Amino acid sequence: MKALILSTALALAATPVLAGKAFVSNERSNDITVIDTETWEVIETFHGGNRPRGITASPDGKLLYVCASDDNIVRVFDTETYKEVYTLPSGPDPELFVLHPSGNPLYIANEDDNLVTVTDTETRTILAEIPVGIEPEGMGISADAKYVVNTSETTNMAHFISTEDYEIKHNVLVDQRPRYAQYTADGARLFVTSEIGGTVSVMDIAEDGTPDLVDKIGFEVSGVLSEWLQPVGAKVTSDGARLFVALGPANRVAVIDAQSLEVLDYILVGQRVWQLSFTPDEKFLLTTNGNSNDITVIDVASEKAIKSIPVGQQPWGVVVVD
Amino acid sequence: MRVLVMTLWALCSLTAFAGAGLALDARAAVLRIDYPTLLPISRYDLTPADLGFAGAALADEDNGTTGSFLGHTYETTTVATPPERADAALDALIADGVRILVILARADDLLRLTDRAAEAGALVFNAAAPDTALRDQACRANLLHIAPSHTMNADAVAQFAIWKKWTDWFLLEGINPADQAMGAAFRAAANKFGARIVEDRSFADPSRSRRTDSGHVLVQRQLPLDTQGTREHDVVIAADATDYFARYLSYHLWTPRPVMGAGGLRPVTMHGAHEAWGATQYQTRFEELTGRYVQPEDYNVWLALRVVGEAVTRANTVDPDGIRDYALSDTFELAAFKGQKVTFRDWNGQLRQPILLYDGMITVSVSPQDGFLHRTSPLDTLGLDRPESTCTAFN
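The shown structure was predicted, so the numbers you read here are calculated from the model rather than taken from an experiment. (Residues numbered from 1 in each chain as written. Chains lettered and ligands numbered in written order. Predicted model: local features only at pLDDT ≥ 70, side-chain atom pairs only at ≥ 80, totals over all residues. Heavy atoms only, no water.)

1. Let's talk about the overall build of chain B
Move 1: Helix and strand content of chain B: 10 helices and 14 strands.
Move 2: Relative to the compact-globule value of 21 Å for 395 residues, chain B shows a C-alpha radius of gyration of 22 Å, a close match.
Move 3: Oriented by its inertia axes, the alpha-carbon framework of chain B measures out at about 70 × 45 × 40 Å.
Move 4: Split into buried and exposed, the 395 residues of chain B put 56% on the buried side.
Move 5: Sequence-distant contacts in chain B: of pairs separated by 6 or more residues, those separated by 24 or more amount to 70%.
Move 6: Once the 36 positive and 48 negative side-chain charges of chain B are each reduced to a mean point, those two points are 3 Å apart. (Helix = DSSP H or I, 4+ residues; strand = E, 2+ residues; numbered from the N terminus. Rg over C-alpha atoms; globule rule 2.2 N^0.38 Å. Buried < 20%, exposed > 50% of the residue type's maximum accessible area, 1.4 Å probe, protein only. Contact = heavy atoms within 4.5 Å. Lys, Arg positive; Asp, Glu negative; His and termini not counted. Charge placed at Lys NZ, Arg CZ, Asp CG, Glu CD.)

Next up, the structure:
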């Protein structure tokens, strides 16, 4: 008993952070799983609309935004009460979105309609609809918020949309089926994952936001067919040192030196690893594993998987708030 | 050199405002020969009037959207013709300046039209004919195959059977040459993957009277008699390319066994219920545009024109030779809602692709199966491999 108390005390001492909450969207069971990021226990599950996929939170952590793809709306939940507070118009089949750092507006990829919809989160109205390539999915926003990048899965382009006039200013061809776009915190680089191409395109971003495709990162894991190394979700640490890339059916997260672009390691996680999210302190990286119906917790400092937590059916996205 | 130039080109940042690339106009045609045939066993297999053409309409939309960012436009003409007017229809398209053709026709017609097109320097995509010879001794340099061969389809079924440990087969083959070509592919697949054909029968029973009010009664009585007295087997393999008996088999066998091949579990390139790997979006787009479910022919035509679109986008050319060279190069890759990129075999122009195993409702499995390995690509465990192919047109 004494030993138990001691180890609990140690554990508490070792993690003096405030308990946060991870919200996981489960696209098959139509619900959201809430996990305490201190105890890593599931504390609640609530209905998230039909086919919840993209998930993000307001800058103050009070509101949770969920793309309810089959309802053709964005559902907004209170992160304390888990009640739906209102909905936002999103255009048809919203899949993934990115929120302006100020909390307004929301830039939404409409997968079925080849559009990016811009929705005002306060007036709850649509500000603009921007025609993009076929099957828009990935959404990233530059550090200065002057550009939103959308990737279109069948057109195979990254479209750079000005947030001032909503015009596409640049189109960059990338490899097959681009899934996700992730800027570095300083805005000087952009990473675009290509699921079927099996690569991550690396772009240097000029002061004025102009992209320059400079490299492509490939992957190789002995014993895994190269066909299954399919880059999907990606996150880069805020110091720009590490890039983590989810490799889908390879069931691994690649650890990449974000400067030298060298792949350093592969972390074994659950099956069909899809999207990633850091805890706000960047101590942990969470992965959604669509086929094993769980999430994996990766310790960022040691670059090891430390825990897996069962969630709903076909977990898709994850976001963490303090 | 060509490959090197392309690689450099691909690496260039295509900061492409419309017009940064060359303005290109990609013109293609789909030529479909409509043969006089009997009605299918199932009404679900009735041929829609826009079979194949619907895939072209979707491809034009998909390619056109990408093209709008690059200054490329796509226009595809569709022509349906009876067999006797096929040559004239081809001539008219060639005279109109079309040099990229997708053809839905039987092997002999396809070969004749392909050779005729070659005289005008045109490139042909085969979207229907499964005959293995077209990828072998009868291959043509200007003919690329989107449709899988009988051999690929049979290998896809065989791998699943082996995975299931259903190694003893009862092969039931039709009496028409097309059925026998399919049967030959299954015999070769059994040999290739280690299955045994313990019973090999020809199915000669004439077509049945299902459509009459009590036709099913006759089917129910006759088929068990046709399939009795066999050796012990795990599965029935139906080689019926002409659709006259395979659909009846599943519940009318003497010995209850699963059916695969032309009935029961069938190898297809696509079906309207396939959802994995983002295909739901493909289905939604197709249905919105056409008002019906997708058929394999639609998908094959769509994929042929997507190959063209990919070549135009990446290699900046609408020249038939340029498109062919790019498609056959190491640089080429294309996403096709099959979970991995599709590419071409540069020894016979066949598209490598996963094959869906479809029971009429869902994707039951996808071949190649786990554990079937190949030094180049697991996809090359399906169909004629490089050492087996006698095709020389691509050397």
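2. Brief notes about the side chain of A:S201
Residue and element names in this part refer to chain A.
Move 1: Within the secondary structure layout, S201 lies in strand β18 (residues 199–205).
Move 2: Judged by relative accessible area, S201 falls into the buried class, the value being 0%.
Move 3: Ignoring any residue separated from it by four or fewer positions in sequence, one finds S201 in contact with V174, D175, L190, F191, V192, L213, D215 and K216.

3. What to know about the sheet that holds strand β21 (residues 242–246) of chain A
Residues and elements named next belong to chain A.
Move 1: The four strands are arranged β20-β21-β22-β23 in an open sheet whose pairing can be described as antiparallel. Of all the strands in the sheet, the pair left with one neighbour each is β20 (234–236) and β23 (263–268). Recorded for the sheet is a direction-independent mean angle of 20° between the axes of neighbouring strands.
Move 2: With three bridges connecting them, β20 and β21 associate as antiparallel partners. Residue pairing across strands places K235 opposite F244, the latter belonging to β21. (Pairing = 2+ DSSP bridges. Axes fitted to C-alpha atoms, helices over the stretch in contact; angles between N-to-C directions.)

4. Focus on the pairing of strand β6 (residues 73–78) of chain A
Residue and element names in this part refer to chain A.
Move 1: Along β6, five of the six residues are buried, which leaves the element largely enclosed by surrounding structure.
Move 2: Direction of pairing for β6 relative to strand β7 (residues 84–89): antiparallel, over a ladder of five bridges. Its bridge partner lying in β7, I73 is registered against P89.
Move 3: Taken together, β6 and the strand that follows it, β7, pair antiparallel across an intervening segment of five residues, in which Y82 is found at a positive phi of about 65°.

5. Considering the pairing of strand β1 (residues 21–26) of chain A
Residue and element names in this part refer to chain A.
Move 1: In terms of residue burial, β1 counts as a mostly covered element, since six of its six residues are buried.
Move 2: Of the two faces of β1, the one lined by K21, F23 and S25 and the one lined by A22, V24 and N26 are each fully buried.
Move 3: Across six bridges, the pairing between β1 and strand β28 (residues 315–321) is antiparallel. Directly across from V24, in β28, lies its bridge partner V318.

6. Quick word on the interface of chain A and chain B
One frequently used descriptor of interface size is the decrease in accessible area upon assembly of the parts.
Move 1: Taken together, the 33 residues of chain A in the interface contact 36 residues of chain B.
Move 2: Roughly 2,900 Å² is buried in total at the junction of chain A and chain B, and carbon and sulfur atoms are behind 53% of that figure.
Move 3: Summed over the three residues of chain A that lose the most area to chain B, namely A:L173, A:Q176 and A:I196, the buried surface amounts to 20% of that side.
Move 4: Connecting chain A to chain B are one salt bridge.
Move 5: A:E135 is the partner of B:R285 in a salt bridge, and the nearest nitrogen-oxygen pair spans 2.3 Å. (Buried area = accessible area lost by both parts, 1.4 Å probe. Salt bridge = Lys/Arg side-chain N within 4 Å of Asp/Glu carboxyl O.)

7. Topic: the sheet that holds β18(A)
Residues and elements named next belong to chain A.
Move 1: Strand order across the open sheet formed by four strands is β16-β17-β18-β19, with antiparallel pairing between neighbours. Both edges of this open sheet fall to β16 (178–183) and β19 (211–217), since each of them pairs with a single strand only. Across this sheet, the average inter-strand angle for adjacent strands is 25°, counted without regard to direction.

8. Describing the domain arrangement of chain B
Residues and elements named next belong to chain B.
Move 1: Here the domain parsing of chain B yields domain 1 (2–148 + 270–353) and domain 2 (151–267).
Move 2: Inter-centroid distance (C-alpha atoms) of domain 1 to domain 2 is 32 Å.
Move 3: In this complex, domain 1 contributes 11 residues to the contact, which on the side of domain 2 involves 10 residues.
Move 4: Across the domain 1 to domain 2 interface the summed buried area is about 950 Å²; carbon plus sulfur atoms make up 51%.
Move 5: When the buried surface of domain 1 facing domain 2 is broken down by residue, I41, D45 and P148 rank first, second and third, together holding 58% of it.
Move 6: For the pair domain 1 and domain 2, the number of links is one salt bridge. (Domains from an automatic or database assignment.)

9. Description of the side chain of A:S69
All names here are of chain A.
Move 1: Inspection of the secondary structure puts S69 in the loop between β5 (63–68) and β6.
Move 2: The exposure class of S69 is buried, given its relative accessible area of 1%.
Move 3: Residues contacting S69, with those up to four places away along its chain left out, are N50, R51, R53, D93, P94 and E95.

10. Points about the packing of aromatic side chains
Move 1: Taken as a whole and judged by the stated rule, the model has 18 aromatic pairs over all chains.
Move 2: Judged by centre distance (5.9 Å) and plane angle (80°), the rings of B:Y282 and B:Y299 are edge-to-face. Highlighted residues: B:Y282 in helix α8 (residues 279–290) and B:Y299 in helix α9 (residues 296–315), separated in sequence by 17 residues.
Move 3: Note on B:Y282: relative accessible area 0%, which makes it buried.
Move 4: Assessed through its relative accessible area of 0%, B:Y299 is described here as buried.
Move 5: Taken together, the ring pairs connect A:F23, A:F46, A:F77 and A:Y82 into an aromatic cluster. (Phe/Tyr/Trp six-rings, centres within 6.5 Å; stacked < 30°, edge-to-face > 60°.)

11. Re helix α7 (residues 215–226) of chain B
All names here are of chain B.
Move 1: Here α7 spans 16 Å end to end across 12 residues, near enough to the 16 Å set by a 1.5 Å rise per residue.
Move 2: Among the residues making up α7, those that are buried are G215, V219, L223 and P224. Take α7 and look down its axis: the buried residues cluster within an arc of 145°, on one side only. Those residues of α7 that are exposed and aimed more than 90 degrees away from the buried face are R221 and L225. (Expected span 1.5 Å × (residues − 1). Arc of directions from axis to C-beta.)

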